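# Observations on the three-dimensional arrangement
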Amino acid sequence: MSEQTTAGDQMTAVERTTAGEQTTAGEQTTAGERAFAETIAKDQRVEPRDWMPEGYRKTMIRQIAQHAHSEIIGMQPEGAWITRAPTLRRKAILLAKVQDEAGHGLYLYSAAETLGADRGDLTRRLIEGRQKYSSIFNYPTLTFADVGVIGWLVDGAAICNQVPLCRSSFGPYARAMIRICKEESFHQRQGYELLMTMMSGTPEQREMVQDATNRWWWPSLMMFGPPDADSPNSAQSMAWKIKRHSNDELRQRFVDMTVPQAEALGVTLPDPELRWNAERGQHDFGEIDWVEFKRVIAGGGPLNAQRIAHRRRADEEGAWVREAAAAHAAKQAARRAGSDA
Amino acid sequence: MSEEIRHEWPLFEVFVRAKRGLNHVHVGSLRAADHEMALHHARDLYTRRNEGVSIWVVRSDDVVSSGPAEKDAFFAPSGDKVYRHPTYYSIPDSVPHI
């Protein structure tokens, strides 16, 4: 926990202590609890310096950190293709996209810091495997078509998840999500355009797109998390209005949005049970392999170890730069202090 | 060592003026070794798509703010002074331009 007296969205240690004392008043509902309940009921935003239940704070830090880690780890699958992009135009687009992912991670770490988390500490938790990131990034990007399919399906699923989070009850998180959603649209469109280009190419290129679609479709559906019946934290997150829609609801929305896009592209989604259900007004689709989902989350995915090792290496190899910058800043500050005296 | 150093990069709050004629608005925070680096990071992080024409960075621990509750006694003095608002005064509809 930071000792800094911080402002704006930040909460100071002193204020946090005061807020904590409000909860020690026994079984009576405290003013803080009433204010929090009222804020949620009125659909207003909770701000960092407000009193909030400890569970809400912990849930928010965990969710924001996990989201930030996903953005940062998410740079790797596509980053691998920057040097091998087929044209300068695609290279520039891919660079901009991967840079955006870094930016998204930083917006989110900034939001987590408003709750008293420290981003250096969060990075350590990621590297030590104590905090998770989206399991989707543990799959390999085998061809350049994967770059397009990630933009189309993975970023498409992310948009489905993230648009409702723009109305999440925690103010800094909701504001970060608004910035992120604005930028994600570019990500999805560049991916789809890339795939359209490949689909108008050679039979081999079309086959690459179909192959990448086959590999990414099911992991993309898993991005929405476990089925509602098996999602223990969902009810509380919905009650706190952190989440606005259930996992299955968002997954269904994504499937319904994606089917016509696949048709327009000319690829087949790899699910024989996928068909329109006129009665429901939605698509039926096959059972997701939840055993695989759990295995990848638990660290058994194709690239879990490699992703974390890479992140650890980047952190360690960047350490001297951070130290040198801090030393330079300290020297400059000392010089200024000397010339002022 | 690197752990200590990491904590020596202080937190900065970032304010961006979206275009001339508008106020600077708080957009978030970042970590940097000093003000100059904070400005560069702020440009890279918060204005990748022409979102700004000017940036302020302020050390987070230099900002002084009002109490934790957004609506506490601090703001009470303005609560009961309805006569500060134009709608408090009734003027006949027939009177023009007022």
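See the structure above.
Attention here is on the structure that accompanies the text.

Rules used throughout
Residues numbered from 1 in each chain as written. Chains lettered and ligands numbered in written order. Predicted model: local features only at pLDDT ≥ 70, side-chain atom pairs only at ≥ 80, totals over all residues. Heavy atoms only, no water. Pairing = 2+ DSSP bridges. Helix = DSSP H or I, 4+ residues; strand = E, 2+ residues; numbered from the N terminus. Expected span 1.5 Å × (residues − 1). Bend = angle between axes of the 7 residues up to and from the residue. Buried < 20%, exposed > 50% of the residue type's maximum accessible area, 1.4 Å probe, protein only. Contact = heavy atoms within 4.5 Å. Axes fitted to C-alpha atoms, helices over the stretch in contact; angles between N-to-C directions. Left-handed = near helix turned anticlockwise from the far one by under 90°. Nonpolar A, V, L, I, M, F, W, Y, C, P; charged D, E, K, R; others polar. Phe/Tyr/Trp six-rings, centres within 6.5 Å; stacked < 30°, edge-to-face > 60°. Lys NZ or Arg CZ within 6 Å of the ring centre and 35° of its normal.

## Description of the pairing of strand 2 (residues 24-31) of chain B
Strand direction decides the pairing type here: strand 1 (residues 11-17) of chain B and strand 2 of chain B, joined by seven bridges, are antiparallel. Of the residues in strand 2 of chain B, the one forming a bridge with Glu13(B) is Ser29(B).

## Describing helix 11 (residues 247-265) of chain A
Residue and element names in this part refer to chain A. The end-to-end C-alpha distance of helix 11, which contains 19 residues, comes to 27 Å, matching closely the 27 Å that a straight helix rising 1.5 Å per residue would cover. Of all the bends found along helix 11, the most pronounced is centred on Thr-258 and spans about 25 degrees, while Pro-260, a proline, follows it within four residues. Residues of helix 11 that are buried include every one of Asn-247, Leu-250, Arg-251, Gln-252, Phe-254, Val-255, Thr-258, Val-259, Ala-262 and Leu-265, and no others. Buried residues along helix 11 sit against helix 7 (144-162), helix 8 (171-199), helix 9 (203-222), helix 10 (234-239), strand 2 (282-284) and helix 12 (290-300). Where helix 11 terminates, the next one or two residues include Gly-266, which has phi positive at roughly 90 degrees.

## Notes on the packing of helix 6 (residues 119-127) of chain A against helix 13 (residues 304-340) of chain A
Relative placement of two packed helices is described by the angle separating their axes and the distance separating the axes. Residue and element names in this part refer to chain A. The interhelical angle for the contact between helix 6 and helix 13, taken along N-to-C directions, is 140 degrees, at an axis separation of 9 Å. Here helix 6 and helix 13 pass one another in a crossing that is left-handed. Here helix 6 contributes Thr-123, Leu-126 and Ile-127 to the contact with helix 13, which in turn contributes Ile-308, Arg-311, Arg-312 and Asp-315. Taken together, the residues that form the contact of helix 6 with helix 13 break down as three nonpolar, one polar and three charged.

## What to know about the sheet that holds strand 3 (residues 54-59) of chain B
Residue and element names in this part refer to chain B. The strand order 2-1-3 describes an open sheet built from three strands, whose pairing is antiparallel. The open sheet has two edge strands, strand 2 and strand 3, and neither has a second partner. On average, each strand axis in the sheet is inclined to that of its neighbour by 25 degrees, with strand direction left out of account. Pairing of strand 1 with strand 3, which is carried by six bridges, proceeds in the antiparallel orientation. Residue pairing across strands places Val-14 opposite Val-57, the latter belonging to strand 3.

## Remarks on the packing of aromatic side chains
This structure, assessed with the given rule, holds 15 aromatic pairs over all chains. Geometrically, the ring pair formed by Trp81(A) and Phe144(A) is edge-to-face, given 5.9 Å between the ring centres and 65 degrees between the ring planes. With Trp81(A) in the loop between helix 4 (75-79) and helix 5 (88-113) and Phe144(A) in helix 7, this pair connects stretches of sequence that are 63 residues apart. In this structure Trp81(A) comes out as buried when scored by relative accessible area, which is 9%. With a centroid separation of 6.4 Å and 70 degrees between ring planes, the pair formed by Tyr83(B) and Tyr88(B) is classed as edge-to-face. Judged by its relative accessible area of 46%, Tyr88(B) is partly exposed. Here the basic side chain of Arg179(A) rests over the ring of Tyr107(A), its NZ or CZ set 5.0 Å away from the ring centre.

By themselves, these figures tell us nothing about what the structure is for.
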